[in-house]
Amino acid sequence: MRGNPEKVRGIVLSAFDYGESDRIVSLFTIEHGRVKAFARGARKSRRRFGHALEVFSRIEAELRLKVGLCNLQEAMADKTFIGIRSDLAKICNAMYACEAAECMTPEGHPLPRFYRLLSSYLDHLDSEAATESDRRFFEVNMLNILGYRPRLDGCACCGAKFGASGAVVSARGELVCKGCGEGRSIDAGAISLLSESLAKGRFGVVRFAGEELMQAGVLLDSAIAEHAGKRLKSLEFIRQNRF
Amino acid sequence: MLTNISSLSRLVSEFKKLPGVGERTALRMAFHLLKSPSNLTMLSEALLEVRDRTHSCSVCFALTEDDPCSICSGNRDHKAICVVENPQDMMAMERSNAWHGVYHVLEGSLSPLAGTGPEDIRIDELLKRVSSGNVEEVVIATNFTVEGEATALFLTKLLRQHKVRISRLAHGIPLGSDIEFVDAATVQWALQGRNEI
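Structural notes on the pairing of strand S3 (residues 77-84) of chain B
All names here are of chain B. Relative to strand S4 (residues 101-105), S3 runs parallel, the two being bridged by 5 bridges. Paired with aspartate 77 across the bridge in S4 is glycine 101. The β-α-β motif built from S3, the intervening helix H5 (residues 87-96) and the parallel element S4 has right-handed crossover chirality. As paired strands, S3 and strand S5 (residues 137-140) are joined by 4 bridges and run parallel to one another. Looking across to S5, one finds that isoleucine 81 is bridged to valine 138.

Considerations on the domain arrangement of chain B
If you check the domain split of chain B, you get domain 1 (6-53) and domain 2 (75-168). With centres defined by C-alpha atoms, the gap from domain 1 of chain B to domain 2 of chain B works out at 35 Å.

Structural notes on the domain arrangement of chain A
Residues and elements named next belong to chain A. When its domains are assigned, chain A resolves into domain 1 (5-80) and domain 2 (83-241). Between the C-alpha centres of domain 1 and domain 2 the distance comes to 28 Å. Every contact between the two is made by 23 residues of domain 1 and, on the other side, 22 residues of domain 2. Together domain 1 and domain 2 conceal approximately 1900 Å² of surface at their shared face, both sides included; 59% is due to carbon and sulfur atoms. If you sort the residues of domain 1 by the area they bury against domain 2, Phe28, Arg34 and Phe56 come out on top, with a joint share of 39%. Across the contact surface, domain 1 and domain 2 share 5 salt bridges. For aspartate 123, the salt bridge goes to arginine 58, with nearest N and O atoms at 3.2 Å. Run the count over domain 1 and domain 2 and you get 11 residue pairs in polar contact (both at pLDDT 80 or more). Every element with two or more residues in the side of domain 1 that touches domain 2 is listed here: strand S1 (6-18), strand S2 (22-29) and strand S3 (33-39). Broken down by element, the side of domain 1 that touches domain 2 gets its largest block of residues, 6 residues, from S1.

Looking at the pattern of salt bridges
In this structure the tally under the stated criterion is 32 salt bridges over all chains. Measuring nitrogen to oxygen at the nearest pair gives 3.4 Å for the salt bridge that ties Glu102(A) to Lys36(A). With Glu102(A) in helix H2 (residues 88-104) and Lys36(A) in strand S3, this pair connects stretches of sequence that are 66 residues apart. Note that Arg168(B) is salt-bridged to Glu149(B), the shortest N-O span being 3.5 Å. Placement of Arg168(B) in strand S6 (residues 165-168) and of Glu149(B) in helix H7 (residues 146-159) is noted, with a sequence separation of 19 residues between them. Its relative accessible area of 28% is what places Arg168(B) among the partly exposed residues. Residues participating in the shared-partner salt-bridge network are Glu132(A), Arg135(A), Arg136(A), Glu139(A), Asp221(A), Arg231(A), Glu236(A) and Arg239(A).

Points about the packing of helix H1 (residues 6-15) of chain B against helix H2 (residues 23-35) of chain B
To describe two helices that pack against each other, one gives the angle between their axes and the distance between the axes. Residues and elements named next belong to chain B. Where H1 meets H2, the closest approach of the two axes is 8 Å, and the angle between their N-to-C directions is 125°. The angle between H1 and H2 places the two elements in the oblique class. By crossing handedness, the relation of H1 to H2 is classed as right-handed. In this structure, H1 uses Leu8, Leu11, Val12 and Phe15 to contact H2, whose residues at the interface are Glu23, Ala26, Leu27, Met29, Ala30, Phe31, Leu33 and Leu34. Of the residues belonging to the contact of H1 with H2, the class tally is 11 nonpolar, no polar and 1 charged.

Focus: the sheet that holds S4(B)
All names here are of chain B. Taking strand neighbours across the sheet as the criterion, the 4 strands line up as S4-S3-S5-S6 in an open arrangement whose pairing is parallel. Each edge of the sheet is formed by a strand with only one pairing partner; in this case those strands are S4 and S6. Strand-to-strand twist in this sheet, taken as the mean axis angle between neighbours without regard to direction, amounts to 25°. Strands S3 and S4 of the sheet are contacted by H5, whose axis makes an angle of about 160° with S4.

Describing the interface of chain B and chain A
Across the boundary between the two partners, chain B contributes 25 residues, which contact 22 residues of chain A. Area buried by chain B at its contact with chain A is led by Pro112(B), Leu113(B) and Val146(B), which between them contribute 37% of it. Between the two partners, chain B and chain A, sit 0 salt bridges. When contributions to the side of chain B that touches chain A are tallied by element, the ones reaching two or more residues are H7 and helix H8 (184-192) of chain B. Among the elements that take part in the side of chain B that touches chain A, H7(B) stands out by supplying 7 residues, more than any other. In terms of residue class, the side of chain B that touches chain A is built from 13 nonpolar, 7 polar and 5 charged.

Remarks on the nonpolar core
Judged by nonpolar contacts, the single largest core of 101 residues is most densely connected at Phe56(A) and Phe114(A). Of all the elements, H2(A) adds the most residues to this core, at 11 residues. Look past the residues within four positions of Phe56(A) in its chain and what remains in contact with it is Ile11(A), Val12(A), Thr80(A), Phe81(A), Ile84(A), Arg85(A), Ile91(A), Ala94(A), Met95(A), Cys98(A), Leu122(A) and Val146(B). Counting 19 residues, the second largest nonpolar core, distinct from the first, contains Ala42(A), Phe49(A), Ala61(A) and Leu65(A).

Reading the values: the criteria
Residues numbered from 1 in each chain as written. Chains lettered and ligands numbered in written order. Predicted model: local features only at pLDDT ≥ 70, side-chain atom pairs only at ≥ 80, totals over all residues. Heavy atoms only, no water. Pairing = 2+ DSSP bridges. Helix = DSSP H or I, 4+ residues; strand = E, 2+ residues; numbered from the N terminus. Right-handed = clockwise from strand over helix to strand, strands pointing away. Domains from an automatic or database assignment. Contact = heavy atoms within 4.5 Å. Buried area = accessible area lost by both parts, 1.4 Å probe. Salt bridge = Lys/Arg side-chain N within 4 Å of Asp/Glu carboxyl O. Polar contact = N/O pair within 3.5 Å; in protein donor to acceptor, adjacent residues only side chain to side chain. Buried < 20%, exposed > 50% of the residue type's maximum accessible area, 1.4 Å probe, protein only. Axes fitted to C-alpha atoms, helices over the stretch in contact; angles between N-to-C directions. Parallel < 35°, antiparallel > 145°, perpendicular 65-115°, else oblique. Left-handed = near helix turned anticlockwise from the far one by under 90°. Nonpolar A, V, L, I, M, F, W, Y, C, P; charged D, E, K, R; others polar. Core = buried A, V, L, I, M, F, W, Y, C linked by side-chain atoms within 4.5 Å.

Next up, the structure:
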């Protein structure tokens, strides 16, 4: 990962100020997956960066790839998601998606399917109301693309098929049969909606509601906490403020 | 060589903690002060004075030497509060000479990514001031970053429960700039917030 500056397209996952005028940003690019980059003079140079380096902005950037911290030469906002920025619940959900991407994706590994998922979620949030159902749709598809897909057709321990009575969520965020473990119950209906979410490719098609939404949430929250290795700050924020 | 002079080494390492100061600048500053002992004394006195005399105003949380600060105790319009993120923003507003009301410094902004929630900034104190009944208008002047927008939206939601006029600073094309060089999002915001003349 070294060479001349190259044009990349990506989404800003996080950005923080460094020194007087610089910023360090984390980007999820189509071409190279997640990369960290140093943007020299980003807070001063409106010409080279404008307002492009804001969290969840979709940008086109000129990046000089290096092992570790890349150099971001310039960036231009392709879409700043004004619809998201004008609604607090949307901001929180968009930031959560970015934080999840930052914690769960490997550095320097292209994942175009995940880029498309993240980008579609931001587009969806920009035009539609933020709902927990859509967040769950994003989460289950994220786990699937990143290789952490929970087994939905049978017990993760013994392989037995789940019947109409459903399953339980283990402490490791897996679905197990009631004979293999203890935990919060998850009905067959919720498992079926999770499977359907993986089959449908569009936001807004699958709707989790009521008890099924709560049960799917228990599984997805524990699976994400298990694979991310920590509780995500933005998720805590969403919970505390009930967005 | 510097390690032999521990006091100088300590001064350099303290300078290096300041924003934008690297090893070379820290060294240059330290040697400059060493050349003129009077400057060194004045600097050390100024540092101690600023530590001992400045604190947050108990009303608006701006940086002050008196309590309440000169703005809160002065002849300003106390019915209008301008909410800013930090004391530097308040100074920028004061430089404009355009605001004649008082201020409320939040000492931060909401940031879901950093885990900064409503209880970490001075929102409760603002609501107490507003619910006292003497306030008629609140101008939200948080930054136009995602965090600043989130804070403004959160405050708007809370302030709507009170009988006050709520407004947000206008944003759009900067003074003296050509529209052809302004980015698309700023033009979009400017069009949305256009004024009839």
